Each structure stands twice: as structure tokens, then as C-alpha cells.
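Below are the chains, spelled out letter by letter.
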Amino acid sequence: MKIGLIDVDGHNFPNLPLMKLSAYHKQKGDSVEWVIPIENSHYDIVYMSKVFSFTPDFQHFVNADEIIKGGSGYCIDVVDGKEVYNAARDLNLPPDAEHAYPDYGLYPELTKDTAYGFLTRGCPRGCGFCHVAAKEGRRSYKVANLSEFWNGQKYIKLLDPNLLACDEHIELLYQLIDSRAYVDFTQGLDIRLIGKREKELLKQIKVKILHFAWDNPADDLKGKFADFKKATQYSSRKLSVYVLTNYDSTHEQDLYRVYTLRDLGYDPYVMIYDKENAPRITRLLQRWVNNKRVFKTVLRFEDFDPKMA
Ligand code: SF4
């Protein structure tokens, strides 16, 4: 069979489902290639994968017997401010594809010495602005061992939504330690789930930067962040924390999280929910905090002049 692939909105990040589908079809002896619109070649199957809901769909005619679409860009709707998963519009990979070693050759530049994958899926939290619980379940569960998508690469980019919430996270952390690769927990670590054991194991994993999130101002996480800082003594450059704004928080609560994190030795990074409709003060806060040169020199938000950034 002749298989075509379309990464509808991919730019700087390789599309994992397409890499798995490519490997799966190549194992079956099929030919696999990127669809080039101007060539108008005919395919038996074309897979289209889209990550973001807000990006436009593929605009060109696709000459194929079957077109299969999947990804969050096709199956997530926002209803009353909540992300809702529509399973009918998603593609579940067949098990042999889901567990295939990704065809990193599809993205030679982006995957140079870097492995990508999920060890776990799902998350028990169910935050309203996030589709993970609806799409993958309100429980974190193991889906793979590291060897399923890593084969000695120097860097590992994990896409797990909440690895520490999985019952088998200790075993998985040991796999990451044993790899001796640099690990990037791209979706962040849940500071609420870091106890003594997790701290010890995380310290043994090679990391360039650790990402956390403090999304909900009602969560009192100051003590947790202080404990982790004390245990690791990592510099603020290595400790990044996403601070969600414009979603059930006041400006004062946003400022409190930013100041608290900075004073504890973390590097806050402001994210804005529904940025188009966010108040000006929230957009200014983001400009101040995320411009690190300015944030380091202007210590209080009241002293920030938008002309600086
Ligand atoms: S903790 Fe993270 S992954 Fe889990 S529901 Fe909230 S935002 Fe999503």
C-alpha cells in the first residue's frame, strides 16, 4: 500500500502518532511518504494529524481512497470555558502502531539524538482548562517502558501529562536514571506529588531544566516548592514554573504566585488562558515576567514600564 502523511500544524515539534504510524506501515512493507500537495499523487491511505484547535485545517485536495484524521486539533472543543473531548473525531492507533518504535527519520533535524514518547497517560486532576482527563482518563496509568521509544539517544523528551500520579512512577523514574540521558519532562511535574522518595530519585535524573505549574491560586504550594528547592539546591534557571492567569484568578493572586516563586528561587513563566480576551493588566504582567532581562532588574510590577519590553 502507498501511505501518505500530513502533519497539519507541526512546526518545531515532531508528531509522535505520525512517526508511530510510519514505523507500523513500514514494518508491514508499505511505502510511506509526506504528502506534497502540488504533486497530487494518489494514496491508499492518508493520515492527517493536527495538534491545535485554533490552527487552520489542511487547505489542499487530498487524493486518497481513505483519509484518516486524528489529534487534539480535530477532537477537542471548548464548551463553556471547558475543554471537551469528542472521541468520534479522534483516531486511536492500532496497538501495533501505538507501541511501535517511532520512525524518527521523518523528522531528522528535530529528533537528532532525541527520543520522544509517553511512559504514562491520563491525569487524576481534571483541571477545567485541560483536556487530558477527558481524553485519556482521570487516572494516570503506565503505557510503555522507556525502551519502547528510546534507544540510547542523549536526550529524552517525555510527553506524559502527570507521570508522578502513576502507581508505577518509581519504577519509571529508575528507568530514566538508568538511561543517563538528559530528560525533559515537557508537560511539567506535579509538585503536589513530590515526596521524599521522589525528591531523591529526581535528583539522580540528568536534567537541564525542570518544569512545574502553579495553575490554581487556591492551591497552597509555597511549602512544597520551598521543600523541593531546599532538597535540590538547583538554581532558578533550572526551576521553571508555569503560572496560569485569566482562569479563575485575580490579579493579586497572579502577583502573589509570581512573587512567591521568585522569592523561593524559581523562575515563574506566565501563561494566559484565552489571551485574546484577557485584561490588559494580565498581558502586561506576562510581558514583565517572561522578559527575563526586565524581570531580573525591575523588582516590582508597579515599576514596570511597558516600553521596557
Ligand atoms: S494537572 Fe496538568 S495534566 Fe492534569 S488535568 Fe491539570 S493541567 Fe491537565
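It should be noted that the structure appears before, not after, this text.
Only a predicted model underlies this, so the values are computations on that prediction, with no experimental measurement involved.

Basis of the calculations
- Residues numbered from 1 in each chain as written.
- Predicted model: local features only at pLDDT ≥ 70, side-chain atom pairs only at ≥ 80, totals over all residues.
- Heavy atoms only, no water.
- Helix = DSSP H or I, 4+ residues; strand = E, 2+ residues; numbered from the N terminus.
- Rg over C-alpha atoms; globule rule 2.2 N^0.38 Å.
- Buried < 20%, exposed > 50% of the residue type's maximum accessible area, 1.4 Å probe, protein only.
- Contact = heavy atoms within 4.5 Å.
- Areas by Shrake-Rupley, 256 points an atom, 1.4 Å probe, with all protein chains shown as cover.
- Salt bridge = Lys/Arg side-chain N within 4 Å of Asp/Glu carboxyl O.
- Pairing = 2+ DSSP bridges.
- Axes fitted to C-alpha atoms, helices over the stretch in contact; angles between N-to-C directions.
- Right-handed = clockwise from strand over helix to strand, strands pointing away.
- Parallel < 35°, antiparallel > 145°, perpendicular 65-115°, else oblique.
- Nonpolar A, V, L, I, M, F, W, Y, C, P; charged D, E, K, R; others polar.
- Patch = residues over 30% accessible without salt bridge, like charges linked within 9 Å, V, L, I, M, F, W, Y side chains within 5 Å.
- Lys, Arg positive; Asp, Glu negative; His and termini not counted.
- Charge placed at Lys NZ, Arg CZ, Asp CG, Glu CD.
- Near = heavy atom within 4 Å.
- Expected span 1.5 Å × (residues − 1).
- Polar contact = N/O pair within 3.5 Å; in protein donor to acceptor, adjacent residues only side chain to side chain.

Time to look at the overall build of the chain. Broken down by element type, the chain carries 10 helices and 14 strands. Over its C-alpha atoms the chain spans a radius of gyration of 21 Å, differing by no more than 12% from the 19 Å that the globule rule assigns to 309 residues. The dimensions of the chain, computed from C-alpha atoms along their principal axes, are 60 × 45 × 35 Å. Here the chain holds 309 residues, and the buried ones make up 49% of them. Excluding contacts between residues fewer than 6 apart, the proportion of contacts in the chain whose partners are at least 24 apart in sequence is 65%. Accessible surface for the chain amounts to roughly 15,800 Å². Of this, 50% is attributable to carbon and sulfur atoms.

With that out of the way, let us pick up the pattern of salt bridges. Here the structure, examined in full by the defined rule, presents 15 salt bridges. Between R121 and E136 there is a salt bridge, with its nearest N and O atoms 3.3 Å apart. Within this pair, whereas R121 is found in strand β8 (residues 120-121), its partner E136 is found in helix α4 (residues 132-136), the two being separated by 15 residues in sequence. E136 matches R121 in its accessibility class, with the two residues each being buried. Residue D190 pairs with R125 through a salt bridge whose shortest N-O separation is 2.8 Å. Pair noted here: D190 is in the loop between β11 (182-185) and α6 (196-204) and R125 is in the loop between β8 and α4, with a separation of 65 residues, a long-range link. One network of salt bridges, in which partners are shared, links K20, E98, R121 and E136.

The next point concerns the sheet that holds strand β7 (residues 114-117). Pairing is parallel in the open sheet, where 3 strands are placed in the order β7-β10-β11. Strands at the two margins of the open sheet, each flanked by one partner only, are β7 and β11. The sheet shows a mean angle of 15 degrees between the axes of neighbouring strands, direction not considered.

Counting buried residues in strand β13 (residues 239-245) gives 6 out of 7 residues, a clear majority hidden from the surface. Here strand β12 (residues 210-213) runs beside β13; their pairing, made up of 4 bridges, is parallel. By the bridge assignment, A213 is partnered in β13 with Y242. Note: β13 against strand β14 (residues 267-272), 6 bridges, orientation parallel. Looking at the pairing, V241 lines up with P268 of β14. For the segment spanning β13, helix α8 (residues 251-264) and β14, crossover handedness is right-handed.

Contact geometry for α8 and helix α9 (residues 280-290): axes closest at 11 Å, N-to-C directions at 10 degrees. Of the possible angle classes, the one that applies to α8 and α9 is roughly parallel. Contacts between α8 and α9 involve H251, D254, L255, V258, Y259 and R262 from the first element and I281, L285, W288 and V289 from the second. Looking at side-chain class alone, the contact of α8 with α9 contains 7 nonpolar, 1 polar and 2 charged residues.

Here the focus is a positive patch on the surface. On the surface, a cluster of positive charge is contributed by K154, R180, K206 and K208. Assignment of secondary structure puts R180 in the loop between α5 (169-179) and β11.

What follows is about the site of the ligand. Taken together, C123, R125, G126, C127, F129, C130 and P161 make up the full set of residues near the ligand. Grouping the constituent residues of the shell around the ligand by class yields 5 nonpolar, 1 polar and 1 charged.

A separate point is helix α1 (residues 16-27). Every α-helix carries 3.6 residues per turn, so stepping three or four residues along brings you back to the same face. Given a rise of 1.5 Å per residue, 12 residues ought to cover 16 Å, and the 17 Å separating the end C-alpha atoms of α1 matches this to within 8%. When you tally the buried positions in α1, you get 9 out of 12 residues, the bulk of the element. Each element contacted by the buried residues of α1 is listed here: β1 (2-7), β2 (31-34), β3 (43-49), α3 (95-98) and β7. Capping the start of α1, N15 holds a side-chain oxygen 3.0 Å from the backbone nitrogen of L18, two or three residues further along.

Let us now look at α6. Every buried residue of α6 is listed here: E198, K199, L201 and L202. Turning to α6, the residues buried within the fold contact α5, β11 and α7 (222-232).

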